[in-house]
Amino acid sequence: MSATLDSPARADTPERGPTRRGTPVAWKILRPLASLQLTVVLFSLAMALVFFGTLAQVDKGIWTVVDEYFRSWFVWVPFKLIAMFGWKFFEIPGPEASDPTNPAAWGGSFPLPGGWLLGGVMLANLLAAHIVRFKFSWRRAGIITIHVGVILMMVGELVTGLFAVESRMVLQVGEGTNFIDHSRKVELVFTDNSGKSVMIPQSMLESGMKVSNPELPVDVEVVEFSKNTDLLPASGGDDLDGVVRFDGIRFKVVPTSEGTGVKSEREDAAAVRVKFLKKGTDEVLAERLLSLWQYDNYTGRQYLCVLPTVASDGKTYQVQLRNERITKPYTVELNQFEHKQYTGTTMAKDFASTVHLVDPQTGDDRQVRISMNDPLRHRGETFYQHQTIFGDTGTVLQVVKNPGWLLPYLSCVIVAIGMLAHFGMNLAKFTSRRAA
Amino acid sequence: MTARFVRCALLVTLFTAGCSKPDAVRVLDEPVTRPPVKDMPPEQKQFRTLAALIPGDSVGDGGPNWWVFKLSGPSAVIGRFEADFNTFLDSVKASSDPEQPVSWTLPTGWTKGGERQMRFATLIAPEGACEIAVSRAGGTVFANVQRWYIQLCGKERENDVTPANLYDRVRKRMVNGRFLLQVDFAGPKDPNAGTPNMAGPHNPHGGK
């Protein structure tokens, strides 16, 4: 960024030498780190990353791309993306013109620095440039302010990437709850009759993994984990791993590719095929396919199922795959749900949920109406009106917690002030010179 | 200079540090505190309905999807045959065979009755004390369950059954590999006294 705003070659921005500041060792590290050439390379790589990250959404889900390309250290970019781009926009045939997107024809991939690495080095580059080259003066206040804003924006993305959580709260009219469902993570849960749950996180549900834990009633072997599944109408067979819609239509669950960034109508429905093993042995007690289609909150109460059970030490445990549950110290009850439509049409005009929030720790006990552009904010979380449950019998609230939500706004304001100051001062200087 | 460098290094380290600890199996006590469902006072439970819904294999034929099995009448009578009804449900098998879309084993002493309009079959209890009506029905689970409740408790209490408490009133289980929903309602009104069937059960098999 210093490349476009400032030039170290100018006579008024001399490099400061080790004789004035710091030790020679630090100087040896900082000087190449502050290089303008490095800035240009980083920007070029960042542009390439955005380009390939955008292309990758043809095949992959938006969050998969965010994780693989932008919130990672390195990414292996498949050559197939280049072939697809060339074919789509310039009709350049690949090695097999009949199928330019054939992965076999365009095998292999090349490495590219991921977002974390590029962002980190960019930040280091910018800070090093300030230490090595820039000298503070009121004349440079605008530039420095702009850079502070840019640094804040990068820190904001770091905070968002590390700490932001998007989740959902699903409620039917008259129902109250004290938990939210993580939108992107699932867990396998064993619940006994008393309500005690033992949960295996998604990171331990990869194909081939075996999970043993003293708290679990059985050992669990993961046969296959599917990021996404679909429902196909079923005829014959049984309902053991399937679901039944509220109107009696039977469905079986089948693996499918993940929803892509360019075409995705719903959140991915993960599924996991697991074997329940007698503790400490390889004796298979049962094998079942568990999916999010069997989780009420994922389906908006549209599908029914009977969850499998396992017995151990005289207790019976119900087993379910569900979105990762985050319990809260407060409860939210849905009192009323409104779905207004434009007169004479079925076009939605407004959705609104009237909820009763009770938080014993903060003393909150209030009724709040949440509508499309009027969210509820509580304990650093924002509750947005998101969806409706079928038949308008309830609501789906999107709950977002992002400790860095203010930083992008703040950084934009700071950058704007910096630009105004920088260009204002230059304009003033120019007009005064001209007048002279 | 050194202090600046340290600050710079700290910021860069933040990128590389990784701030989350690895996931692990976790335990959570989640006491289930569902609000109690509204029920009729005991003195008003003169009549009772035991009913079950099983999804059929009707995909593509455009017909209703549910198989309905219903035993209703005076509470004292239904109580005598409750065990028979449950035994009967345990034997029900839905199938994709159009010649025999559903089959069952009759409890001891029960007989198959004659053809009736709107029914797939009628199964008569010993001495004709009561009967199980087998039919097909469309509509949602909620529409069917609420209708049965209204037949027993009256339209004025229809809001006792809501989408939020529906599955607190319904037992879900697996029978012969197929899904089954079962309800047990009691109320002051005779459910066989001619309440119209709103969800539109029909009999595509002509009572065979």
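Residues numbered from 1 in each chain as written. Chains lettered and ligands numbered in written order. Predicted model: local features only at pLDDT ≥ 70, side-chain atom pairs only at ≥ 80, totals over all residues.

Caption draft 1: Highlighting the interface of chain B and chain A. Facing 37 residues of chain B, the contacting portion of chain A comprises 48 residues. Listing elements by their share of the side of chain B that touches chain A, those giving two or more residues are helix 1 (2-17), strand 1 (26-29), strand 9 (171-175) and strand 10 (178-187) of chain B. The leading source of residues in the side of chain B that touches chain A is helix 1 of chain B, at 8 residues. Here the side of chain B that touches chain A is built from residues that sort into 20 nonpolar, 8 polar and 9 charged. Of the pairings in the sheet, the one linking strand 5 (residues 196-201) of chain A to strand 1 of chain B comprises 4 bridges and is antiparallel in character. Looking at strand 1 of chain B, one finds that Met199(A) is bridged to Arg26(B). (Contact = placed C-beta atoms within 7 Å. Helix = DSSP H or I, 4+ residues; strand = E, 2+ residues; numbered from the N terminus. Nonpolar A, V, L, I, M, F, W, Y, C, P; charged D, E, K, R; others polar. Pairing = 2+ DSSP bridges.)

Caption draft 2: Geometry of the sheet that holds strand 12 (residues 284-291) of chain A. All names here are of chain A. The 4 strands lie next to each other as 6-7-11-12, forming an open sheet whose pairing is antiparallel. In this open sheet, the two edge strands, each paired with only one partner strand, are strand 6 (210-211) and strand 12. Bridge count for strand 7 (residues 219-226) against strand 11 (residues 271-277) is 7 bridges, and the pairing is antiparallel. Note on strand 11: the bridge partner recorded for Asp219 is Leu277.

Caption draft 3: Layout of the sheet that holds strand 8 (residues 131-137) of chain B. Residues and elements named next belong to chain B. Across the sheet, which stays open at both edges, the 7 strands sit in the order 6-7-8-3-2-10-9 with antiparallel pairing between neighbours. Across the chains shown, the open sheet's two edge strands, defined by having one partner strand only, are strand 6 (111-112) and strand 9. Note that strand 6 and strand 7 (residues 121-124) share 2 bridges and pair antiparallel. Pairing of Lys112 across the sheet is with Leu123, part of strand 7. Contacting strand 2 (47-55), strand 3 (66-74), strand 8, strand 9 and strand 10, helix 2 (residues 75-91) runs over the sheet at an angle of about 155° to strand 3. (Axes fitted to C-alpha atoms, helices over the stretch in contact; angles between N-to-C directions.)

Caption draft 4: Summary view of unusual backbone geometry. Residues and elements named next belong to chain A. For Asp313, which is not a glycine, the phi torsion comes out positive at approximately 50°. By secondary structure assignment, the location of Asp313 is in the loop between strand 14 (309-312) and strand 15 (315-341). Phi angles above zero are rare outside glycine, and Arg379 is one such case at about 55°. Position of Arg379 among the secondary structure elements: in the loop between strand 18 (376-378) and strand 19 (381-388).

Caption draft 5: Spotlight on the confidence of the model for chain A. Looking at chain A, the pLDDT average stands at 87 and 91% of residues meet or exceed 70. Overall, residues 1-13 of chain A carries pLDDT values under 50, and its contacts beyond four positions in sequence, including any with other chains, amount to 22 contacts. (pLDDT = per-residue confidence, 0-100.)

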